[in-house]
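Notes for the structure review
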Amino acid sequence: MTLVQVCTILLVLAVVLGSARYLHTVWRGQKPSRQKWWRVIVILFLQISSATLLYFVLFPPPTFTRAERLVILTENADTAELKSSDRILALPEAPQMTNAEPIPDLASALRRYPGVNNLQIVGDGLSVRDQHAARGLSIEFTPSLLPRGLVELSLPRSIASGARWIVQGRINRLPNARVELLDPGNTVVGITEIDTAGNFILTDTARTPGLAMYQLRIMDGNNDVNNKKTIIENIKLPINIVQEPALKVLSLSGGPNPELKYLRRWAIDAGVELESQIALSPGVQINSAAITINSSSLREVDLLMLDERVWGTMNRSNKQSVIDALRGGMGLLLRITGPLTATDRNELKALGFSVNDANMLQGVRLNKDGDINTQAILTRRPVRVSSIDGVTLLQDDSNNPLALWRAEGRGRIALFWLTDTYKLALNADSSRHGQIWQDAVSTLARTRDENPIYVRDRNSRINERIVLCNIAAKTYVQGPNAEITYLIPDTGIAANKNCAAFWPRVSGWHTVVTNKYESLFYVRDSNDAIGLKASAIREATLLLTAKQSTEKNTNRIPVAGSRWPWFLGWLFVTALLWLLERAKSGLA
């Protein structure tokens, strides 16, 4: 129920109860002294009129005024080229202009000039402070040029210790720029050059758990007079490296092979808890621990790896237990190292994969950019695997898939028909070997319950609103200066339910604390990475122009009317009613 409806109901009840009380008093009065009928009618009419006028005082009807167009100057607006006959207003961050009227924010301007439904934004765009006020208006945006340097950045929120992570972004107005990735010790761990569109990608491996401050060094592609490259920007890359619980992987193999040997070596280095069972002959097995296949034991397994020989010798009960665990969230990796039977193909088809024999070369290489003379030649099974909703997990240098995965219930299942990845380790390419299995395990393994708190704004800055979601009551934020700020979650609108706004006052790492979780996020200084800031503001303003009001600028538009005429009318009628109730006129 809206505020208008509540006030209407209260006013109607007040009029009905007041009129009923008055009529009851008149009726119970003695007949010789009863009030005359015209007095009763006038008093009832004045009561109704007073309530009606009070309603219009609270909610005045709209009036029509001439539509107006405002020109809003924002940061880095080009005032020299601006020529407009419309009213020009300047936000606090805009450059000075002689005929521009200064305003504290856009909302104040719209209250000062209520007949506005068209805005022309000039400059970088509307900051977070003004974006909400501009919604529903018709907007024309004349953006300024983005600054030289980094304007787009994609960075993971947190990284597991030992995992390989990627940073990518876009450089603006710096052709042939070189980008360097520096670790917390200022050691260069990655170098690349941007492509024709200004994009770049760099990778590194997360090491010790904790808060790490990497750097992105952007350098001009051209040398200066000293034959050195000029540093354009140094961008901070805050990284939260976490120590995740070790994944539990169970490997079942139909026989010993070097692939399992090097897989175990990788698991030890990656911190993966690997248990294995290798069949030597019927009834003879090598186990790293006591292993049973049933629903209860598979609940503790994050990823089950097996080959076609083990799958073929499983009984129906064990296969059903594996499929039930898969649909419950466990990952399943089936390695195809030999021929498949018709029964195997039918069972895989029931799980969403179509496997057919194919006449193809079995030797493949993985890196299409490296020297083919130094690359290891690996072996794949001569099969063609397809799936309607399959996703490629690994491919060769010709973009032919070597592994596919798909979702099955809450889990993921993959087929892997590359048989000898261990050759990469023998060919001094252990990093490539480890990356293959790291990608496979991280993609397929059971999803852990993650911290539900997240920051909606990735480019957080001081003195700008940040929205934190999935929080509960009594949640607070602790800043780097140990100052604590309690948050009030929104419980109303569905889009912002359990979200709260926070305005940081200092830069650095902030901690969000609830009764169950803690989460970290980094706040940049207002002058840090100005290209990212300008790009974010531009994207938000362009999004507002895409959601323009369907009602375009017209000659006359409705605006809220003035309350004063209605208030004076209500005061006059109420005073007249007060005088008439106390006057002797109309009494018998």
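Residues numbered from 1 in each chain as written. Predicted model: local features only at pLDDT ≥ 70, side-chain atom pairs only at ≥ 80, totals over all residues. Heavy atoms only, no water.

Before going further, it helps to spend a moment on the state of the cysteines. Summed over the entire model, instances satisfying the criterion amount to one disulfide. Here Cys 469 connects covalently by a disulfide to Cys 499, the sulfurs 2.1 Å from one another. Residues Cys 469 and Cys 499 are joined through a disulfide that is right-handed, its torsion about the S-S bond being 110 degrees. One end of the pair, Cys 469, is in strand 28 (residues 466-469); the other, Cys 499, is in strand 31 (residues 499-502), and 30 residues separate them in sequence. Cys 499 shares its class with Cys 469; the two are buried. (Disulfide = S-S within 2.5 Å. Helix = DSSP H or I, 4+ residues; strand = E, 2+ residues; numbered from the N terminus. Buried < 20%, exposed > 50% of the residue type's maximum accessible area, 1.4 Å probe, protein only.)

The next subject is the sheet that holds strand 29 (residues 476-478). In spatial order, the strands read 30-29-32-33; together these four strands make up an open sheet with antiparallel pairing. Each of the sheet's edge strands pairs with one partner strand only, and the pair in question is strand 30 (484-486) and strand 33 (518-523). Taking each pair of neighbouring strands and ignoring which way they run, the sheet shows an average axis angle of 25 degrees. Across three bridges, the pairing between strand 29 and strand 32 (residues 508-513) is antiparallel. Directly across from Gln 478, in strand 32, lies its bridge partner Thr 511. (Pairing = 2+ DSSP bridges. Axes fitted to C-alpha atoms, helices over the stretch in contact; angles between N-to-C directions.)

Let us now look at the pairing of strand 26 (residues 411-416). Counting buried positions along strand 26 yields five of six residues, so the element is predominantly enclosed. As judged from the four bridges shared by strand 19 (residues 331-335) and strand 26, these two strands associate in the parallel manner. Of the residues in strand 26, the one forming a bridge with Leu 333 is Ala 414. With six bridges connecting them, strand 25 (residues 401-408) and strand 26 associate as antiparallel partners. Paired with Ala 403 across the two strands is Phe 416, which belongs to strand 26. The turn linking strand 25 back onto strand 26 is made up of two residues, and Gly 409 within it adopts a positive phi angle of 65 degrees.

What follows concerns empty space enclosed by the protein. Scanning all chains against the criterion turns up two cavities of 30 Å³ or more. Taken as a whole, the largest cavity encloses approximately 90 Å³ of empty space. Lining the largest cavity we find Val 477, Gln 478, Gly 479, Asn 481, Glu 483, Thr 485, Phe 502, Trp 503, Pro 504, Arg 505, Val 506 and His 510. Looking at the lining of the largest cavity, its residues break down into five nonpolar, five polar and two charged. The computed volume of the second largest cavity comes to approximately 30 Å³. Taken together, Val 249, Leu 263, Trp 266, Ala 267, Val 272, Leu 274, Met 305 and Val 441 make up the full set of residues lining the second largest cavity. Considering every element that reaches the lining of the second largest cavity, the biggest residue donor is helix 5 (residues 258-270), with three residues. Here the lining of the second largest cavity is built from residues that sort into eight nonpolar, no polar and no charged. (1 Å grid on protein atoms, 1.4 Å probe; cavity = no way out; pocket = protein on both sides within 12 Å on 5 of 7 lines; lining within 4 Å. Points joined across faces, edges and corners; volume = space filled by probe spheres on them. Nonpolar A, V, L, I, M, F, W, Y, C, P; charged D, E, K, R; others polar.)

To continue, consider the packing of helix 5 against helix 11 (residues 430-444). Interaxial distance between helix 5 and helix 11 falls to 10 Å at its minimum, and their mutual angle equals 75 degrees. Judged by the angle between their axes, helix 5 and helix 11 are roughly perpendicular. Along the contact surface, helix 5 presents Glu 259, Tyr 262, Leu 263, Trp 266 and Ala 270, while helix 11 presents His 433, Gly 434, Trp 437, Gln 438 and Val 441. Here the residues of the contact of helix 5 with helix 11 are counted per class, giving six nonpolar, three polar and one charged. (Parallel < 35°, antiparallel > 145°, perpendicular 65-115°, else oblique. Contact = heavy atoms within 4.5 Å.)

Attention shifts here to the pattern of salt bridges. If the charged atoms of two oppositely charged side chains come close together, the side chains can form a pair. Per the stated rule, a full pass over the model turns up 20 salt bridges. One salt bridge in this structure joins Arg 207 and Asp 204, with 3.2 Å as the shortest N-O distance. Overall, the relative accessible area of 5% leaves Asp 204 in the buried class. Taking the shortest distance from any N to any O, the salt bridge between Arg 406 and Asp 389 comes out at 2.9 Å. Taken together, the positions of Arg 406 in strand 25 and Asp 389 in the loop between strand 23 (383-386) and strand 24 (391-395) put the pair 17 residues apart, joining distant regions of the chain. A residue is classified by how much of its surface remains accessible, and Arg 406, at 11% relative accessible area, is buried. Taking the relative accessible area as the measure of exposure, Asp 389 reaches 42% and is therefore partly exposed. Overlapping salt bridges, with partners in common, bring together Arg 327, Asp 389, Arg 406 and Glu 408 in one network. (Salt bridge = Lys/Arg side-chain N within 4 Å of Asp/Glu carboxyl O.)

Right, let's get into the environment of Ala 425. In this structure, Ala 425 sits in helix 10 (residues 422-426). C-alpha separation for the pair Ala 425 and Tyr 262, spaced 163 residues apart in sequence, amounts to 7.8 Å. Apart from the residues within four sequence positions on either side, Ala 425 is in contact with Tyr 262, Ser 430 and His 433.

Taken as a whole and assessed by the stated rule, the structure comprises 11 aromatic pairs. Where Trp 165 meets Tyr 214, the ring centres are 5.0 Å apart and the plane angle is 80 degrees; that geometry is what we call edge-to-face. Within this pair, whereas Trp 165 is found in strand 9 (residues 164-172), its partner Tyr 214 is found in strand 13 (residues 210-223), the two being separated by 49 residues in sequence. Grouping residues by exposure puts Trp 165 and Tyr 214 together as buried. With a centroid separation of 5.1 Å and 25 degrees between ring planes, the pair formed by Phe 416 and Trp 437 is classed as stacked. Of this pair, Phe 416 sits in strand 26 while Trp 437 sits in helix 11, and the two are 21 residues apart along the sequence. With respect to class, Phe 416 is no different from Trp 437; both count as buried. Among the aromatic residues, those joined into a ring-pair cluster are Tyr 55, Phe 56, Phe 59 and Trp 566. Sitting over the face of the ring of Tyr 262, Arg 265 holds its NZ or CZ atom 4.9 Å from the ring centroid. (Phe/Tyr/Trp six-rings, centres within 6.5 Å; stacked < 30°, edge-to-face > 60°. Lys NZ or Arg CZ within 6 Å of the ring centre and 35° of its normal.)

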